[in-house]
Protein chains: 2
Amino acid sequence: MTIGAGLEAILQPRAIAIIGASQDATKIGGRPVQLLQRFGYPGKIYPVNPRATEVQGLPAYPSVEALPEAPDLAIIAVSAEAAPAALEACAARGIRGAVIFSSGFAELGEAGEALQAQLRDTARRSGMRVLGPNCLGALSIAEKSIATFSIVLESSLPPAGPLGIASQSGNLGSYTALLARERGIGISRFLTTGNECDVDIADGIAWLARDPATKVILCCLETCRDAPRLIAAFEEARQAGKPVIVLKIGSSEAGQAAAASHTGALAGSDAVFDAVFRRAGVWRVQSVEEMLDLGHAAAVLGLERLPKSRRVMLLTASGGFGVLLADAASAAGLELPMPSAGTQRRILDAVPYASPRNPVDATAQMSSRPEILEQILSAILDDENCDSLLLLLSSSLYLPRLRNVYMQTLTAIRARYPEKVVMLTVHGPQDAVEELTAMGFPVVDGVGPSAQTLAGLCGLAAARDLPPPPAPVAAAGPLPPDALRNEYGAKKALAAAGVPVLPEKIARSAREASEAAQAMGFPVVLKVLSEDLPHKTEVGGVVLNLADAAAVAEGYDAMLARVRQKAPTARIDGVLVSPMARGGTELILGAKRDPVFGPVVVVGLGGIFAEIIQDVAVRPAPVEEAEAMEMLRSLKAFPVLDGARGRPRADLPAAARAIAALARFAAAHAGEVAEIDINPLLLLPEGQGAVALDALLVPAAAQ
Amino acid sequence: MTIGAGLEAILQPRAIAIIGASQDATKIGGRPVQLLQRFGYPGKIYPVNPRATEVQGLPAYPSVEALPEAPDLAIIAVSAEAAPAALEACAARGIRGAVIFSSGFAELGEAGEALQAQLRDTARRSGMRVLGPNCLGALSIAEKSIATFSIVLESSLPPAGPLGIASQSGNLGSYTALLARERGIGISRFLTTGNECDVDIADGIAWLARDPATKVILCCLETCRDAPRLIAAFEEARQAGKPVIVLKIGSSEAGQAAAASHTGALAGSDAVFDAVFRRAGVWRVQSVEEMLDLGHAAAVLGLERLPKSRRVMLLTASGGFGVLLADAASAAGLELPMPSAGTQRRILDAVPYASPRNPVDATAQMSSRPEILEQILSAILDDENCDSLLLLLSSSLYLPRLRNVYMQTLTAIRARYPEKVVMLTVHGPQDAVEELTAMGFPVVDGVGPSAQTLAGLCGLAAARDLPPPPAPVAAAGPLPPDALRNEYGAKKALAAAGVPVLPEKIARSAREASEAAQAMGFPVVLKVLSEDLPHKTEVGGVVLNLADAAAVAEGYDAMLARVRQKAPTARIDGVLVSPMARGGTELILGAKRDPVFGPVVVVGLGGIFAEIIQDVAVRPAPVEEAEAMEMLRSLKAFPVLDGARGRPRADLPAAARAIAALARFAAAHAGEVAEIDINPLLLLPEGQGAVALDALLVPAAAQ
């Protein structure tokens, strides 16, 4: 079934039945009946309650069978135990959508899971779309369709507008709607997926991507139960030109543990979620407030008007605020270009005592002579270094004298510079904010939130020009048995996949070792080969830097004696003879399996960087070379590879090729290989390549 | 003069003259006249204007001389050029305080500096306290003394309360007051110091530390023109038991550049400011909003009730919010202890489907059966792992049904657990927030701000038990000449100060070198000694690991030949023979001069860590050993020293002793030595000490 198919029964129902409808509007079975009537839902409302003939002034029906027609949507507000039968009755009556408020399912463990499985089976069998259970339901503003018991709708609905909200958490989703209502920000729909017995968050995103009323999608994510569906939904939104902003909770260990216990789903690595978002062009925020600020700003600008670059010029009437704004912009990753000499001159023409650099400080002259604002704004917006301008107005619009002049100025500026992004930091009043928003200015309250929102707009802009996602890799046939047996086999398999390795030989006697060494040239390294000894160094099974044939022969015997003493039962397949590689920088390169997203590749600098500072980059496999290069650039230690402080620059393209090759391999053999460790991948100076010095494949069954 | 002396003339004046008083209330000379009258200032108001007999309904005076009495305070709102004469006239008339609004002084460079110097001279000569110039003035709420033209007072004053605001930036200070007014948070005074010709930010802090109306001090800092005064003011506040919360702007490079150009003062390192704040027990925040949240919370709790530890239990009615709160708490550095088995049982008794771990999720039962809240709160607060509890109520107080029960519950809880910190995350309504605040609960809106505020409260609590600041170090006599000449002399001087070095000898021939090596034992290191060659390695002036007398003699000659070829004109003082030290971890330890705070010490791990990751700790000298240990612990790479992953644990106390010794040395010789580099300090495993392998002192004159 197409992702998101059939959700119109839930979001645009022409008639709604409430199973378990209650006379008491504080009950979950009573609230929708009340809200649908209060806010003027235009369709038919059918309370179903075997013990009432009337519910909140509406005729009630004893059963679904007794309804005069099959409504599009049934709201199920009965006990968990009664829910499966209720849903089955709805399916039998031909109802196409259901929202199940009831809790007491998979979130409680096994017994609840069995009940939930019944719901899922009914949904699958009938093709009915079922939202929940254990959810806060759904809401469409324009249709006034209210299939939720959220207390945030107590006083009024949010205005209709372009933001669509899809949330796994009921409370986070409805809190988003509450904030939108308070700020007068329009939303199209909201739906909360709860336990996701049928409709999942991917359905919600994909349906909103096709919904003409929705321009920007806000998404609260706790977990992901089906990675390919989620990724496909993100891609559908991207192709529809609808920015997706995600609040993904569980960024901390404590939060992840809580999320896993709360959702009953496996906790994927937060860093892998980050990588998935980045690849999909989805922008991640840290709070509901930030999500709403950014969503609103993106909707006001529209996709075509998103910033062209991260370069922003800051304009304030206060030195202190200018510094604070520069700090916040830097922290958000924005760049502050210097205005050209000509621009600076024009600013000083308007205000001789201004600070014409970036941040531009127009001083208190902006209050005493507000008419200078137009001159300064024009100077800045004419500067070719300026793609975006952030103007801090703070609380000045409370003064009618300033408000009038500023509004006129901004109206003129908006007309003259339609292609430039002018964002405003404004602390009220509300009606001025709404007026500015209507004029097409993104307006945010607060210095930090303004900088973050602008950075988010830049991030969303980048999604427009994303490379296509990496082509999927077909599953490959089984690996040769020795690939999972020892280093030699692992390297052979990786080499066949395109990971560079050294020319190596297996020796089974001191003489064979000496001969092999002579053939490849000294110095060499000896390493014991044994499927029982994945950690060779710990048993003394590695000897480095052997300079001649005698040393090799001697080293061979001494090493095997050591190993046999420390690991008497280990099956030894021989000794690997390799040329001794020198110079370069050691990377660790590996693959493992994420519980949500499957095989992922990880790269970092060797030694303490990866181990202690946790300075690694991770991406789901496969990975294209360009993205592999991005992984390297994202490392804090990247300057070490990039020629910092007189070091030779490393062969970055070779590293990127090795990452991409490993990623393809990991994706192709995901069923057979649980983990891959290349430690180290020796990365040589520019033009000299990279080479895997050690490799280990851990079979899936071994984990 | 005592820091802060005489500010009562500015903050508690019994009569105020306005020099340059204007009929027009939008002018800076008109606004105070209007505001003083509108808000009912009880003292005398004397407009001074030679061209008017009446200003805004008050009799005006042609000059300061013509005033019937000498008021405590003169507000000077005339042009920059006219200000020095006006101030002089005030001093002559016996006025004890002045606020100069006028701009056009040091912020404009040299010409303005000369004008400003006249103001300073008048202040110094007369003992008059002068606030400004180029400032927004001062305000005392209880006294209704309004010596400001801030537009944020347009509609009303903030309520009187315990927060005192001292700000260098006028706009940031008055924006803080505006937010306080909007949220109904009480403030005592606010003063903005602008160009600080006389009264500086230290004066403001110290005066507020003595002010009975002020309990918590909020401080916006752009720069520091006199470090010892600032540090003394912080200490005075600490001893008075008044938490100081600082918004220090210029945390980014772009911000620092803007701050330096805006204030005309030298930009000190932001990291050194951090160190000064930490040592003073001052808590640094990132935004005006955070400053106000934390200040208000600290005032509501009072110093005695600040949290006992960073351990916090989280309670929500929503799994999603719980995870988000756990993320925010972790990010803020709080710890989330697990409730005991008994606590968990009691929570499950109240709500069988709750998640009783931390974050505790009481589920939607908290709305349907609000009376369970008391049972759950008691269970958590009885847990000995719980020092603080953060309860998320979100928007639920908008529902009268819930509000009533919750308020009753919280009243009872507050009485039963007077010593526990219970913080609330509440999104309105305003009157409920004020009611809770009056009951003694710190209340914050938003998940992130709540966690940050609680972390700030923990930080302020730590200030109560701070060790005394390090005893000052007297300036020492001049160093022996060779200390600044070469490595040998530098090490001798540092060794005398307590920094451990190896037994070393100077050799002036190959034979002397061999003999010295034989006496100290092999292997040894040779290093060229020359005041012209601070970077020995670059000229081949270091040879490591010489194993016998012949190798030393040969190495000696070869090295000198190399050096003479590469640096033919360098004056060579001989060759240093040292034992070859091995093992251990290399630190870099150094001292340099901060433009604001003078000598500072810096420590980090050697190599890429310090250079590329910028993983270093910095503190003003001197530094006690306990603080030196904290410096080490603050390094990201600290686990490398602390025995991570099977490494031997380093001799941390030896490193701390070396840091403290270097810091004393740097402080004692601050006039003579501009920079000290010990690179590396070899830190050996536990119990084996540390040793400086190389050292360089850069004379002050050389910089």
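- Under the annotation held in an unreviewed UniProt entry, chain A carries the name CoA-binding protein and is attributed to Teichococcus wenyumeiae.

## Overview of the overall build of chain A
Here is step 1 of the chain: Along the backbone of chain A there are 24 helices and 29 strands.
Here is step 2 of the chain: The principal-axis extents of the C-alpha atoms in chain A amount to approximately 100 × 80 × 35 Å.
Here is step 3 of the chain: Taking all contacts inside chain A whose residues are at least 6 apart in sequence as the whole, residues at least 24 apart take part in 72%.
Here is step 4 of the chain: On chain A, the mean spot of the 63 positive side-chain charges and the mean spot of the 74 negative ones are 2 Å from each other.

## What to know about the domain arrangement of chain A
Here is step 1 of the chain: Looking at the assigned domains, one finds that chain A contains domain 1 (1–149), domain 2 (160–301), domain 3 (303–464), domain 4 (503–579) and domain 5 (585–702).
Here is step 2 of the chain: The C-alpha-based centres of domain 1 of chain A and domain 3 of chain A are spaced at 48 Å.

## A few points about the confidence of the model for chain A
Here is step 1 of the chain: Per-residue pLDDT for chain A has a mean of 94; in total, 99% of the residues score no lower than 70.
Here is step 2 of the chain: This prediction of the complex comes with two scores: 0.95 for pTM and 0.94 for ipTM.

## Overview of the interface of chain B and chain A
Here is step 1 of the chain: Chain B puts 62 residues into the contact, and the matching count from chain A is 62 residues.
Here is step 2 of the chain: Overall, the association of chain B and chain A removes approximately 4,800 Å² of surface from exposure, summing both partners, and the carbon and sulfur fraction of that is 70%.
Here is step 3 of the chain: Seen at the junction of chain B and chain A, the total is 0 salt bridges.
Here is step 4 of the chain: Applying the counting criterion to the chain B and chain A interface returns 12 residue pairs in polar contact (both at pLDDT 80 or more).
Here is step 5 of the chain: Of all the secondary-structure elements, those providing two or more residues to the side of chain B that touches chain A are α5 (170–183), α8 (253–263), α11 (319–331), α21 (608–611) and α23 (638–641) of chain B.

## Focus: the sheet that holds strand β2 (residues 44–48) of chain A
The strands making up a sheet are joined through hydrogen bonds of the backbone, oriented either antiparallel or parallel.
Residue and element names in this part refer to chain A.
Here is step 1 of the chain: Pairing is parallel in the open sheet, where 5 strands are placed in the order β2-β1-β5-β6-β7. In this open sheet, the two edge strands, each paired with only one partner strand, are β2 and β7 (129–131). In this sheet, neighbouring strand axes are inclined to one another by 20° on average, regardless of whether the strands run parallel or antiparallel.
Here is step 2 of the chain: In this sheet, β7 lies alongside strand β6 (residues 97–100) in parallel orientation, the contact comprising 3 bridges. Its bridge partner being in β7, V99 is matched across the sheet by L131.
Here is step 3 of the chain: Of the strands in this sheet, β1 (15–19), β5 (73–76), β6 and β7 touch helix α3 (residues 83–93), which is tilted by about 170° from β5.

## Describing the nonpolar core
Side chains that are nonpolar tend, in soluble globular proteins, to be buried together.
Here is step 1 of the chain: Residues I205, F234 and L457 of chain A together with I205, F234 and L457 of chain B are the most contacted members of the largest nonpolar core, which totals 233 residues.
Here is step 2 of the chain: When neighbours within four sequence positions are excluded, F234 of chain A is seen to be in contact with I205, V244, V246, V276, F277, A280 and V282 of chain A.
Here is step 3 of the chain: Listed in part, the 100 residues of the second largest apolar core include L494 and A654 of chain A together with I608 and A663 of chain B.

## Here's the deal with the environment of L682 of chain B
Residue and element names in this part refer to chain B.
Here is step 1 of the chain: Relative to the assigned elements, L682 resides in strand β27 (residues 673–683).
Here is step 2 of the chain: Counting along the chain gives 649 residues from L682 to V33, while the straight-line C-alpha distance between them is 68 Å.
Here is step 3 of the chain: For L682, the residues in contact, after removing those within four places along its chain, are A581, R582, G583, G584, T585, E586, G689, A690, V691 and L693.

## Notes on the environment of V596 of chain B
Here is step 1 of the chain: Relative to the helices and strands, V596 of chain B is located in the loop between β24 (585–594) and β25 (598–605).
Here is step 2 of the chain: For the pair V596 of chain B and C224 of chain B, spaced 372 residues apart in sequence, the C-alpha separation works out to 6.7 Å.

## A look at the relation of the copies chain B and chain A
Each of the two copies of the chain can be brought onto the other by a rotation about an axis and a shift along it.
Here is step 1 of the chain: For the pair chain B and chain A, the relating rotation is 180°, the translation along its axis is 0.0 Å, and the fit reaches an RMSD of 0.2 Å. Put plainly, the chains are arranged around a two-fold axis. Looking at the rotation axis and the C-alpha trace of chain B, the residue lying nearest is F609 of chain B, at 4.5 Å.
Here is step 2 of the chain: Interface residue correspondence from chain B to chain A reaches 100%, placing this contact among same-surface, isologous pairings.

## Regarding the UniProt feature "domain: ATP-grasp" (unreviewed entry) in chain A
Here is step 1 of the chain: UniProt marks residues 491–527 of chain A with the feature "domain: ATP-grasp" (unreviewed entry), using the numbering shown here.
Here is step 2 of the chain: What you have in residues 491–527 of chain A is 46% helix and 19% strand, and the ends, taken at the C-alpha atoms, are 13 Å apart.

## Details of the sheet that holds strand β23 (residues 574–579) of chain B
All names here are of chain B.
Here is step 1 of the chain: Within the open sheet, the 4 strands sit side by side as β20-β23-β21-β22. Their pairing is antiparallel. What marks the edges here is a single partner per strand, and that holds for β20 (505–507) and β22 (542–546). Put simply, the sheet's adjacent strands are angled 25° from each other on average, direction ignored.
Here is step 2 of the chain: Bridge count between β20 and β23: 3 bridges; the pairing is antiparallel.

## Thoughts on the packing of helix α15 (residues 400–416) of chain B against helix α16 (residues 430–438) of chain B
The relative placement of two packed helices comes down to the angle between their axes together with the axis-to-axis distance.
Residues and elements named next belong to chain B.
Here is step 1 of the chain: Between α15 and α16, whose axes approach to 11 Å, the crossing angle comes to 10°. Classified by the angle their axes make, α15 and α16 are roughly parallel. Contact residues: α15 offers R403, M407 and L410, while α16 offers D431, A432, E435 and L436.
Here is step 2 of the chain: In terms of residue class, the contact of α15 with α16 is built from 4 nonpolar, no polar and 3 charged.

## Considering helix α18 (residues 487–496) of chain A
Residue and element names in this part refer to chain A.
Here is step 1 of the chain: Taken residue by residue, α18 has E487, G489, A490, K491, A493 and L494 as its buried positions.
Here is step 2 of the chain: Buried-residue contacts for α18 involve β21 (524–529), β23 (574–579), α24 (652–668), β27 (673–683), β28 (690–692) and β29 (696–699).
Here is step 3 of the chain: Residue N486 occupies the N-cap position of α18, its side-chain oxygen lying 3.1 Å from the main-chain nitrogen of Y488.
Here is step 4 of the chain: A positive backbone phi angle near 105° is found at G498, which sits one or two residues after α18.

## Some points on helix α6 (residues 201–210) of chain B
Because the α-helix completes a turn every 3.6 residues, residues three or four places apart line up on one side.
Residue and element names in this part refer to chain B.
Here is step 1 of the chain: Within α6, 9 of the 10 residues are buried, leaving the element largely enclosed by the surrounding structure.
Here is step 2 of the chain: Of the surrounding elements, those touching the buried residues of α6 are α1 (8–11), β7 (129–131), β10 (160–167), β11 (187–192), β12 (216–221) and α7 (227–239).
Here is step 3 of the chain: Measuring from the backbone nitrogen of A202 back to the side-chain oxygen at the start of α6 gives 3.1 Å, which picks out D200 as the cap.

## Concerning unusual backbone geometry
Residue and element names in this part refer to chain B.
Here is step 1 of the chain: A cis amide bond, omega -5°, links G428 with the succeeding residue P429.
Here is step 2 of the chain: Residue position: P429 is located in the loop between β18 (421–426) and α16.
Here is step 3 of the chain: The peptide bond linking A621 to P622 adopts the cis configuration, its omega dihedral lying at 0°.
Here is step 4 of the chain: Within the fold, P622 resides in the loop between β26 (616–620) and α22 (625–633).

## Focus on the pattern of salt bridges
All names here are of chain A.
Here is step 1 of the chain: Considering all chains together, one arrives at 74 salt bridges over all chains under this definition.
Here is step 2 of the chain: The partner of D694 in a salt bridge is K536, with the nearest N and O atoms 3.1 Å apart. One end of the pair, D694, is in the loop between β28 and β29; the other, K536, is in the loop between β21 and β22 (542–546), and 158 residues separate them in sequence. Like K536, D694 is buried.

The rules behind these values
- Residues numbered from 1 in each chain as written.
- Chains lettered and ligands numbered in written order.
- Predicted model: local features only at pLDDT ≥ 70, side-chain atom pairs only at ≥ 80, totals over all residues.
- Heavy atoms only, no water.
- Helix = DSSP H or I, 4+ residues; strand = E, 2+ residues; numbered from the N terminus.
- Contact = heavy atoms within 4.5 Å.
- Lys, Arg positive; Asp, Glu negative; His and termini not counted.
- Charge placed at Lys NZ, Arg CZ, Asp CG, Glu CD.
- Domains from an automatic or database assignment.
- pLDDT = per-residue confidence, 0-100.
- Buried area = accessible area lost by both parts, 1.4 Å probe.
- Salt bridge = Lys/Arg side-chain N within 4 Å of Asp/Glu carboxyl O.
- Polar contact = N/O pair within 3.5 Å; in protein donor to acceptor, adjacent residues only side chain to side chain.
- Pairing = 2+ DSSP bridges.
- Axes fitted to C-alpha atoms, helices over the stretch in contact; angles between N-to-C directions.
- Core = buried A, V, L, I, M, F, W, Y, C linked by side-chain atoms within 4.5 Å.
- Buried < 20%, exposed > 50% of the residue type's maximum accessible area, 1.4 Å probe, protein only.
- Least-squares fit on C-alpha atoms with pLDDT ≥ 70 in both.
- UniProt positions renumbered as here; feature names shortened; annotations may be inferred.
- Parallel < 35°, antiparallel > 145°, perpendicular 65-115°, else oblique.
- Nonpolar A, V, L, I, M, F, W, Y, C, P; charged D, E, K, R; others polar.

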